[in-house]
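Observations on chain architecture
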Amino acid sequence: MKSIQVGLLGAGTVGSGTFKVLQRNQEEIKRRAGRGIEITMVADLDTARAREVAGEGVKVVADAREVIANPDIDIVIELIGGYGIARQLVLEAIAAGKHVVTANKALLAVHGTEIFAAAHAKGVMVAFEAAVAGGIPIIKALREGLTANSIQWLAGIINGTTNFILSEMRDKGLDFATVLKEAQRLGYAEADPTFDIEGVDAAHKVTLMSAIAFGIPVQFDKAHIEGITKLAAQDIKYAEQLGYRIKLLGVTKRTAQGVELRVHPSLVPSKRLLANVEGAMNAVVVHGDAVGTTLYYGKGAGSEPTASAVIADLVDITRLHTADAAHRVPHLAFHPDAMSDLKVLPMSEVVTSYYLRLRVADQAGVLAKVTGLLATAGISIDAVLQREADEVGGEGSTQTDLIILTHDAREGTVDDVMAELQALPTVLEPIVRIRKEELS
Ligand code: HSE
């Protein structure tokens, strides 16, 4: 049978890996897919780069629309990134009846509803395994492997840059800014790392996983997003002393009231596997009612790991493209007419536990006042750590750090009590609040 013909938009790192892996493993991939898969056309504004990546026998063009207009192309791979021209090209490829494979989490998290509706109407597939956690087949696991389950929650380290920075901060006791510079020098962090360090990239990914896990529309605008830029080395140290590590987690949870969808630094018990995911690696823990807790670990970025996911999508489409559209796996795991209207909860309604650090005057009654206000608000304390004043502020210091771990509480209640605590004359600096996930 004739090979399926693929057009590639964007010949960067992942595009190059896709060529290499397709070529190296072509026989095995063909045996799995049932027919050959061949990239026959590449579009990149840098045609010299595209020529180098594609090698001989592949048509190279500068204009992506030439690929979309080619009637021989069955599948378009979009590796341009961003929400601008990529959105336009993906919609045009769908309109032209092409199946689309994309690694573009930003595009799908923000414009997914529009794109999946267009694909559904046209009867084509939009596959995006590479958009979440790079080479880890988490989309496949959530959408198919765990399809028997009512998924209760998932939590993931889904941004390698920030996990690398946090690992270095912990190992070397360095502050955020110093480690960020080092990460940029080593090429782990982009020259403009905003999306990574502010949690936006992780929020794109958890938004997609949340939609698939719970059968809700993609709602990036409802995600609560906090990055790691304000994390202090001393909180990483105190967390360690209490038996926790701090990770940037993407969390989504089904509750009776709605769905939690959030990205923020979290204390994770050191004994959990997730707490031991170091460097630029990614991992996602998923809890289903039937299967219990499952863990997926691997490289979340990079040329060949991401190409592995892109090619898995190419194989899926090759197997399924002749199937009746109604019998394919739905884009978001649930059939479009069976989506849930569970609302995404505002952060004030999220229930979790907390690490609070208060810089306080080291004098009689301070601890009693603080714990009294927490008790009045109905917030139960799990652990308290108080440092020696000398250790915190140097010889003769009259200030100290008071660290409190709470049991589960509603975030809105914690906000209110934090405002009361902050107003105490004996609380000397802004209170640090980091959420805590037991993941049990
Ligand atoms: N910038 C991402 C990360 C990789 O650091 O994990 C691509 O999603």
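Residues numbered from 1 in each chain as written. Predicted model: local features only at pLDDT ≥ 70, side-chain atom pairs only at ≥ 80, totals over all residues. Heavy atoms only, no water.

So, on to the UniProt feature "binding site: NADPH" (unreviewed entry) in the protein chain. Here, the residues flagged by UniProt with the feature "binding site: NADPH" (unreviewed entry) are K105. Take K105: it is sitting in helix α6 (residues 105–122). Given the relative accessible area of 22%, K105 is considered partly exposed. The contact partners of K105, leaving out residues within four places of it in the chain, are A131, D201, H204, K205 and L208. (UniProt positions renumbered as here; feature names shortened; annotations may be inferred. Helix = DSSP H or I, 4+ residues; strand = E, 2+ residues; numbered from the N terminus. Buried < 20%, exposed > 50% of the residue type's maximum accessible area, 1.4 Å probe, protein only. Contact = heavy atoms within 4.5 Å.)

Further remarks concern the UniProt feature "binding site: L-homoserine" (unreviewed entry) in the protein chain. Following the UniProt record, one finds the feature "binding site: L-homoserine" (unreviewed entry) at E190. Position of E190 relative to the elements: it lies in the loop between α9 (176–185) and α10 (194–197). Apart from residues lying up to four places away in sequence, E190 is in contact with Q184 and D196.

What follows concerns the site of the ligand. For the ligand, the full set of nearby residues is K105, N159, G160, T161, D196, D201, K205 and A301. G160 is positioned with one of its backbone polar atoms (N or O) 2.7 Å from an oxygen atom of the ligand. Separating an oxygen atom of the ligand from a side-chain N or O atom of K205 is a distance of 2.8 Å. The fraction of the free accessible surface of the ligand (260 Å²) that becomes covered by protein chains is 81%. Put simply, the parts of the chain that give the shell around the ligand at least two residues each are α8 (160–172) and α11 (200–214). Tallied by class, residues from the shell around the ligand come to one nonpolar, three polar and four charged. (Near = heavy atom within 4 Å. Polar contact = N/O pair within 3.5 Å; in protein donor to acceptor, adjacent residues only side chain to side chain. Areas by Shrake-Rupley, 256 points an atom, 1.4 Å probe, with all protein chains shown as cover. Nonpolar A, V, L, I, M, F, W, Y, C, P; charged D, E, K, R; others polar.)

Further remarks concern a negative patch on the surface. Taken together, the side chains of D362, E388, D390 and E395 define an acidic patch exposed on the protein surface. A residue is classified by how much of its surface remains accessible, and D390, at 41% relative accessible area, is partly exposed. (Patch = residues over 30% accessible without salt bridge, like charges linked within 9 Å, V, L, I, M, F, W, Y side chains within 5 Å. Salt bridge = Lys/Arg side-chain N within 4 Å of Asp/Glu carboxyl O. Lys, Arg positive; Asp, Glu negative; His and termini not counted. Charge placed at Lys NZ, Arg CZ, Asp CG, Glu CD.)

This part is about the packing of α6 against α11. Where α6 meets α11, the axes come as close as 9 Å, and the angle between the chain directions of the two elements is 55°. Taken together, the axes of α6 and α11 lie oblique to each other. Between α6 and α11 lies a crossing whose hand is left-handed. Residue-level inspection shows K105, A106, L108, A109 and V110 of α6 in contact with α11, the latter providing D201, H204, K205, T207 and L208. When grouped by side-chain class, the residues that make up the contact of α6 with α11 number five nonpolar, two polar and three charged. (Axes fitted to C-alpha atoms, helices over the stretch in contact; angles between N-to-C directions. Parallel < 35°, antiparallel > 145°, perpendicular 65-115°, else oblique. Left-handed = near helix turned anticlockwise from the far one by under 90°.)

The next thing to look at is unusual backbone geometry. Even without a glycine there, the phi angle at A133 is positive, about 60°. Of note, A133 is situated in the loop between β6 (126–127) and α7 (138–145). Of the residues examined, A133 reaches a relative accessible area of 0% and is grouped as buried. If you check the backbone angles, L439 has positive phi at about 55° while not being a glycine. Position of L439 relative to the elements: it lies in the segment after β17 (432–436).

As a further point, take the packing of aromatic side chains. Throughout the structure, instances matching the rule amount to one aromatic pair. Between F116 and F128 the ring centres are 5.6 Å apart and the planes differ by 45°, which places this aromatic pair in the tilted class. Taken as a pair, F116 in helix α6 and F128 in the loop between β6 and α7 lie far apart in primary sequence, twelve residues in all. (Phe/Tyr/Trp six-rings, centres within 6.5 Å; stacked < 30°, edge-to-face > 60°.)

By domain assignment, the protein chain separates into domain 1 (4–137 + 303–338), domain 2 (141–299) and domain 3 (348–436). For domain 1 and domain 2, the distance between their C-alpha centroids amounts to 26 Å. Between domain 1 and domain 2, the contact holds 24 residues from the first and 25 residues from the second. Where domain 1 abuts domain 2, roughly 1,900 Å² becomes buried across the two surfaces, and 70% of that area is made up of carbon and sulfur atoms. Along the contact surface separating domain 1 from domain 2 lie zero salt bridges. Secondary structure elements with two or more residues in the side of domain 1 that touches domain 2: α6 and α13 (303–320). At seven residues, the largest contribution of residues to the side of domain 1 that touches domain 2 is made by α6. Of the residues that constitute the side of domain 1 that touches domain 2, the class distribution is 17 nonpolar, five polar and two charged. (Domains from an automatic or database assignment. Buried area = accessible area lost by both parts, 1.4 Å probe.)

Following the criterion strictly, the structure yields 30 salt bridges and no others. E240 is the salt-bridge partner of R170, the closest N and O atoms lying 3.2 Å from each other. On the criterion of sequence distance, the pair formed by R170 in helix α8 and E240 in helix α12 (residues 233–241) is long-range, its members being 70 residues apart. Of the charged contacts in the structure, one is a salt bridge between R185 and E182, with a shortest N-O distance of 3.0 Å. Linking R185 with E182, this pair stays in helix α9, spanning three residues, or about one helical turn. Judged by relative accessible area, R185 falls into the exposed class, the value being 61%.

Turning our attention to the environment of G97. Position of G97 among the secondary structure elements: in the loop between α5 (85–95) and β5 (99–102). For the pair G97 and A177, spaced 80 residues apart in sequence, the C-alpha separation works out to 47 Å. When residues no more than four places from it in sequence are discounted, the contact partners of G97 are K122 and V124.

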